[in-house]
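# Coordinate analysis (summary)
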Amino acid sequence: MRLFYSRRQPINLVVDDYVLRMVEIGRDWKIRNLKEKLLPPGLLEHGRILDDIAFFQFMQETVREWKVQRRPVRFYAPDSLIIMRPVEFPADLADEEINGHFYMELGQSLYLPFDDPIIDVYPLPQEDPRAEVRTGLLFAAPEEEVRKLSGIFEDAGLMPVACDIRSLGIYRYYLNQKASIKPEDVYLFLEVNLNST
């Protein structure tokens with residue numbers, strides 16, 4: 001029974017311009033499997049897929065090589081495609097209406113450097129309940145690029161279940177490793193890669 005569970009356990013993929021990394025984490029939040037494979041030059045640039053067919057073939061070969069066919073996969077949207085910024089919105093909006101509000105504001109008061117974004121807004125705790133304006137953190141990514149990545153994973157034999165933001169995923173992992181985190185503390189995570197810091 002344990003073997004069946006581990007085969008259906010989601011894998012986590014990180015795609016950078018030069019490397020593909022896979023991490024498998026168990027229920028106990030311990031790393032069970034870690035793999036890395038260099039991407040051939042010219043497949044991705046600044047998080048965007050340049051050659052769809054070659055990237056698909058690379059993924060298909062890698063899925064077979066790592067024996068992860070038909071596994072659920074969570075992946076990070078490439079960092080260079082993510083926009084994160086504070087935003088303000090009317091305080092009388094219900095939480096489930098906030099994303100719709102910003103979709104309506106596209107091209108009016110909200111400008112993004114790409115068309116057809118995927119938008120999610122995390123409302124921050126309201127300090128003054130009588131305030132007319134609330135603040136939140138807006139996360140946006142180009143839908144076309146995220147769907148392209150997800151589609152290639154699916155065509156290569158994986159089952160995409162979630163697209164996440166790397167900094168948030170790393171913070172959630174850190175939270176699960178440390179029991180003594182204080183909400184008022186500030187934490188800095190520094191990532192050093194071959195082509196970025």
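The text that follows walks through the structure, step by step, so that each part is easy to find. (Residues numbered from 1 in each chain as written. Predicted model: local features only at pLDDT ≥ 70, side-chain atom pairs only at ≥ 80, totals over all residues. Heavy atoms only, no water.)

### Details of the overall build of the chain
Put simply, the rule reads: Helix numbering and strand numbering both begin at the N terminus, where a helix is a DSSP run of H or I of at least 4 residues and a strand a DSSP run of E of at least 2. When a residue's accessible area, from a 1.4 Å probe over protein chains only, is under 20% of the maximum for its type it is buried; when over 50% it is exposed; and in between it is partly exposed. Contact between two residues is taken to exist if any of their heavy atoms lie within 4.5 Å; hydrogens are not considered. The accessible surface values rely on the Shrake-Rupley method and a 1.4 Å probe; as for residues, cover is taken only from the protein chains in view. In this tally Asp and Glu are treated as negative and Lys and Arg as positive; neither His nor the chain ends contributes. Here the site of a charge means NZ on Lys, CZ on Arg, CG on Asp, or CD on Glu.
Helix and strand content of the chain: five helices and 10 strands. Oriented by its inertia axes, the alpha-carbon framework of the chain measures out at about 55 × 40 × 35 Å. Within the chain, buried positions represent 37% of all 197 residues. Contacts in the chain between residues far apart in sequence, at least 24 positions, make up 62% of those at least 6 positions apart. Of the accessible surface of the chain, which amounts to about 12700 Å², a share of 54% is contributed by carbon and sulfur atoms. For the chain, the distance from the average site of its 24 positive side-chain charges to the average site of its 32 negative ones is 13 Å.

### A short note on the pairing of strand β2 (residues 19-25)
Consecutive side chains of a regular strand alternate in pointing toward one face of the sheet and then the other. Definition in use: Here a strand pair is declared whenever DSSP counts at least two bridges between the two strands.
In terms of burial, β2 is a largely internal element, six of the seven residues being buried. Of the strand pairs in this sheet, strand β1 (residues 11-15) and β2 are connected by four bridges, and their pairing is antiparallel. Across the sheet, residue Asn12 finds its bridge partner in β2, namely Val23. Joining the antiparallel neighbours β1 and β2 is a turn of three residues. Bridge count for β2 against strand β3 (residues 31-38) is seven bridges, and the pairing is antiparallel. Across the sheet, the residue bridging to Glu24 is Asn33, located in β3. Counting the residues that bridge the hairpin from β2 to β3 gives five residues, and of these Trp29 lies at a positive phi of roughly 65°.

### Some words on helix α3 (residues 98-105)
Our working definition: This arc is built from the directions going out from the helix axis to the C-beta atoms.
Looking at α3, one finds that the buried residues are Ile98, His101 and Phe102. Seen end-on, α3 carries its buried residues on one side only, within an arc spanning 90°. Turning to α3, the residues buried within the fold contact β7 (83-90), β8 (117-123) and β9 (133-142). A positive backbone phi angle near 80° is found at Gly107, which sits one or two residues after α3.

### Focus: unusual backbone geometry
The phi torsion at His46 lies on the positive side, around 55°, for a residue other than glycine. Within the element layout of this structure, His46 appears in the loop between β4 (44-45) and β5 (48-49). A positive phi is found at Lys67, a non-glycine position, where the angle reads about 55°. Using a relative accessible area of 60% as the deciding quantity, one classes Lys67 as exposed.

### Describing the sheet that holds β8
Keep this limit in mind: Structural elements are reduced to axes, namely lines fitted to C-alpha atoms, with helices fitted over the stretch in contact, and the angle between N-to-C directions of any two is expressed from 0 to 180 degrees.
In spatial order, the strands read β7-β9-β8; together these three strands make up an open sheet with antiparallel pairing. The open sheet has two edge strands with one neighbour each: β7 and β8. Taken over all neighbouring pairs, the strand axes of this sheet differ in orientation by 35° on average, direction set aside. Across seven bridges, the pairing between β8 and β9 is antiparallel. For Pro123, the partnering residue across the bridge sits in β9 and is Gly136. Lying over the sheet, α3 contacts β7, β8 and β9, oriented at roughly 135° with respect to β8.

### Things to note about the nonpolar core
Put simply, the test is: For this analysis, a nonpolar core means a set of buried residues of the types Ala, Val, Leu, Ile, Met, Phe, Trp, Tyr and Cys, connected via side-chain atoms within 4.5 Å.
Leu13, Leu20, Phe55, Met59, Phe153 and Leu158 are the most contacted members of the largest nonpolar core, which has 28 residues in total. Elements supplying a minimum of two residues to this core: β1, β2, α2 (52-65), β6 (72-76), β9 and α4 (143-155). Formed by 12 residues, the second largest nonpolar core is a distinct cluster that contains Phe89, Ile119, Val121 and Ala140.

### Notes on the packing of aromatic side chains
Put simply, the rule is: Only Phe, Tyr and Trp rings are paired, with Trp represented by its six-membered ring, and only when their centres lie within 6.5 Å; those with planes under 30 degrees apart are stacked, over 60 edge-to-face, the remainder tilted.
With the rule as written, the count across this model stands at five aromatic pairs. Both rings, one in Tyr171 and one in Phe189, keep their centres 6.1 Å apart while their planes meet at 80°; by these two values the pair is edge-to-face. Placement of the pair is Tyr171 in helix α5 (residues 166-177) and Phe189 in the segment after α5, with a sequence separation of 18 residues. Residue Tyr171 is classed as partly exposed on the basis of its relative accessible area, which comes to 31%. By relative accessible area, Phe189 is classed as partly exposed at 38%. Taken together, a centroid distance of 5.3 Å and an interplanar angle of 80° make the contact between Tyr174 and Phe189 edge-to-face. Of this pair, Tyr174 sits in helix α5 while Phe189 sits in the segment after α5, and the two are 15 residues apart along the sequence. Feature note: the residues Tyr171, Tyr174 and Phe189 constitute an aromatic cluster, connected by ring pairs.

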